[in-house]
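Results of the structural survey
Okay, here's what each chain looks like letter by letter:
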Amino acid sequence: MSAKNPEHGSAHEVSLPPEVKLLQEVTPPFFPEGGSGMTILVEWPPGHPGLPPHRHSGPSFGYVMEGALRFELEGEPERVVEAGGTFWEPGGDVIHYQDGNALSGAPTKFVVTMLCAPGQPMLTLVDEEELKERAQLRAPRPSEG
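Residues numbered from 1 in each chain as written. Predicted model: local features only at pLDDT ≥ 70, side-chain atom pairs only at ≥ 80, totals over all residues. Heavy atoms only, no water.

Another aspect to go through is the sheet that holds strand E10 (residues 108–116). Strand order across the open sheet formed by 4 strands is E3-E10-E5-E8, with antiparallel pairing between neighbours. Strands at the two margins of the open sheet, each flanked by one partner only, are strand E3 (36–44) and strand E8 (86–89). For this sheet, the mean inter-axis angle between neighbouring strands, taken without regard to orientation, is 20°. Where E3 lies against E10, 9 bridges are found, and the strand directions are antiparallel. For Ile 40, the partnering residue across the bridge sits in E10 and is Val 112. (Pairing = 2+ DSSP bridges. Helix = DSSP H or I, 4+ residues; strand = E, 2+ residues; numbered from the N terminus. Axes fitted to C-alpha atoms, helices over the stretch in contact; angles between N-to-C directions.)

Put simply, the protein has an average pLDDT of 86, and 86% of its residues get 70 or more. Contacts from residues 1–11, a stretch scored under 50 in pLDDT, to residues over four places away or in other chains number 23 contacts. (pLDDT = per-residue confidence, 0-100. Contact = heavy atoms within 4.5 Å.)

This part is about the side chain of Thr 108. By the secondary structure assignment, Thr 108 is in strand E10. The exposure class of Thr 108 is buried, given its relative accessible area of 1%. Engagement of the side chain of Thr 108 in a polar contact is seen with the backbone nitrogen of Ala 68, the distance being 3.0 Å. A distance of 2.7 Å separates polar atoms of two side chains, one belonging to Thr 108 and the other to Asn 101. (Buried < 20%, exposed > 50% of the residue type's maximum accessible area, 1.4 Å probe, protein only. Polar contact = N/O pair within 3.5 Å; in protein donor to acceptor, adjacent residues only side chain to side chain.)

Now for the environment of Pro 53. Note on placement: Pro 53 falls in the loop between E3 and strand E4 (54–56). Expressed as a C-alpha distance, the spacing of Pro 53 and Leu 73, which sit 20 residues apart in the sequence, is 9.4 Å. If we skip the residues at most four places from it in the chain, Pro 53 touches Ile 95, His 96, Tyr 97, Leu 125, Val 126 and Leu 131.

The next point concerns the packing of aromatic side chains. Using the criterion set out here, one finds 3 aromatic pairs in the structure. With a centroid separation of 5.8 Å and an interplanar angle of 10°, the aromatic rings of Phe 61 and Trp 88 are classed as stacked. Of the two residues, Phe 61 sits in strand E5 (residues 60–66) while Trp 88 sits in strand E8, which places them 27 residues apart along the sequence. Given the relative accessible area of 22%, Phe 61 is considered partly exposed. Geometrically, the ring pair formed by Phe 87 and Phe 110 is edge-to-face, given 5.9 Å between the ring centres and 75° between the ring planes. Here Phe 110 lies in strand E10 and Phe 87 lies in strand E8, a separation of 23 residues in the sequence. Given a relative accessible area of 3%, Phe 110 falls into the buried group. Every member of this aromatic cluster is reached through a ring pair, and the members are Phe 71, Phe 87 and Phe 110. Over the ring of Tyr 97 we find Arg 138, and its NZ or CZ is 4.0 Å from the ring centre. (Phe/Tyr/Trp six-rings, centres within 6.5 Å; stacked < 30°, edge-to-face > 60°. Lys NZ or Arg CZ within 6 Å of the ring centre and 35° of its normal.)

Here is the structure:
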């Protein structure tokens with residue numbers, strides 16, 4: 001079996017046995033020596049809004065195990081990632097606006113592996129002042145038309 005990255009049209013081909021399915025392939029930004037990584041399991045109850053706007057010091061890669069995740073990064077439209085879907089973010093200066101449960105009647109569970117820059121926290125909340133300063137970088141909201 002050979003898998004190509006449909007999202008990026010990668011010329012990389014990976015030979016995988018039939019029992020292995022390529023879910024996501026991305027090229028993250030350079031990651032410095034001395035960084036660290038962690039994998040977390042998040043279980044949001046029905047309708048949970050997720051974390052407030054924040055950023056990560058390094059790239060993050062996720063997989064939705066059950067439910068549906070409302071996901072929004074700065075400069076990208078809000079989207080819903082359903083069970084079996086993947087997501088990633090580059091980290092650094094990019095604001096992660098949403099990571100809440102898109103379902104009002106069922107829980108959502110996802111796993112995220114995050115790479116942390118040396119000496120930096122894994123997650124930093126973004127204050128209201130910065131959100132206002134960067135408002136022009138946020139994609140139009142569905143409710144805004």
